[in-house]
Amino acid sequence: MVFGFSQGGWYTGNSAERMADQKSTAAVIDALIPICLSQSKLDPDSTAKLAQFAAIKTSYEQRDFVMKTGWATMPAAEQPDRDLAAACAGALSKAGQG
């Protein structure tokens, strides 16, 4: 039985639920990245802000910058989403903006 849990891929109910929650959260974030990128392009000050973003060196500061600009704040949300901001900052960096 120990072999089944450690090597056979068996999971307890709590572990399976936690994994499902993590996967669904990641899927939602992935689905929202294009909205965040679109909001960055639609920002009237996007050129200046993207230049500022490009000068930022750490991923933490980039995430915080995306949160501060409002790009990671979804419509009808009051605050930006930290995980979305991190993913959006990563996408902006890969796109050559950072």
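Along each chain, residue indices are assigned from 1 in the same order as the chain's sequence is written. Totals for whole chains, interfaces and linings use all residues, but because this is a predicted model, local features are given only for residues with pLDDT of at least 70 and pairs of side-chain atoms are given and counted only at 80 or more. Computation of side-chain values: all heavy atoms of the structure, hydrogens and water removed.

### Brief notes about the overall build of the protein chain
Move 1: Secondary structure elements are defined from DSSP: runs of H or I of at least 4 residues count as helices, runs of E of at least 2 residues count as strands, and each element is numbered from the N terminus. A tally of regular secondary structure across the protein chain gives five helices and zero strands.
Move 2: Along the protein chain, helices (α) and strands (β) appear in the sequence α-α-α-α-α when read from the amino end.
Move 3: Under the scheme applied here, a residue whose accessible area is under 20% of the maximum for its type counts as buried, over 50% as exposed, and between as partly exposed, the area being computed with a 1.4 Å probe on protein chains only. Looking at the protein chain as a whole, 28% of its 98 residues are labelled buried.
Move 4: Residues are treated as being in contact if the distance between any of their heavy atoms lies within 4.5 Å. Within the protein chain, residue pairs in contact and separated by at least 24 positions form 53% of the contacts whose partners lie at least 6 positions apart.

### Let's talk about the confidence of the model for the protein chain
Move 1: In predicted models, pLDDT denotes the confidence assigned by the predictor to each residue on a 0 to 100 scale. Here the protein chain averages 87 in pLDDT, and 85% of its residues register 70 or above.
Move 2: Of all the helices and strands in the protein chain, helix 1 (residues 2–6) carries the lowest mean pLDDT, 45, while helix 4 (residues 59–69) carries the highest, 97.
Move 3: Low pLDDT, under 50, characterises residues 1–6; the predicted model gives this stretch seven contacts beyond four residues in sequence or across chains.

### Here's the deal with the nonpolar core
Move 1: For this analysis, a nonpolar core means a set of buried residues of the types Ala, Val, Leu, Ile, Met, Phe, Trp, Tyr and Cys, connected via side-chain atoms within 4.5 Å. The biggest cluster of nonpolar side chains holds 17 residues, and the ones touching the most others in it are Cys-36, Phe-53, Val-66, Trp-71, Ala-72, Leu-84 and Leu-92.
Move 2: Put simply, the parts of the chain that give this core at least two residues each are helix 2 (13–42), helix 3 (46–55), helix 4 and helix 5 (82–94).
Move 3: Considering each element in turn, this core owes the most residues, five residues, to helix 5.

### Things to note about the pattern of salt bridges
Move 1: Basic side-chain nitrogens of Lys or Arg form a salt bridge, by our definition, when they fall within 4 Å of a carboxyl oxygen of Asp or Glu. Summed over the entire model, instances satisfying the criterion amount to two salt bridges.
Move 2: For the salt bridge of Lys-49 with Asp-43, the shortest nitrogen-to-oxygen distance reads 2.8 Å. Like Asp-43, Lys-49 is buried.
Move 3: A salt bridge links Asp-64 to Arg-63, with the shortest nitrogen-to-oxygen separation between them at 3.0 Å.
Move 4: Residue classification places Asp-64 among the partly exposed residues on the basis of a relative accessible area of 38%.

### A closer look at the packing of aromatic side chains
Move 1: Aromatic rings from Phe, Tyr and Trp, with only the six-membered ring used for Trp, were paired whenever their centres fell within 6.5 Å, and each pair was classed as stacked if the ring planes differed by under 30 degrees, edge-to-face if by over 60, and tilted otherwise. For the coordinates displayed, the defined rule picks out two aromatic pairs.
Move 2: Plain terms: the ring middles of Phe-53 and Phe-65 are 6.3 Å apart, the flat faces sit at 45° to each other, and that makes the pair tilted. Linking Phe-53 in helix 3 with Phe-65 in helix 4, this pair joins segments that are 12 residues apart in sequence.
Move 3: Residue classification places Phe-53 among the buried residues on the basis of a relative accessible area of 0%.
Move 4: Each ring, one from Phe-65 and one from Trp-71, has its centre 6.3 Å from the other, and the planes form 80°; the classification is edge-to-face.

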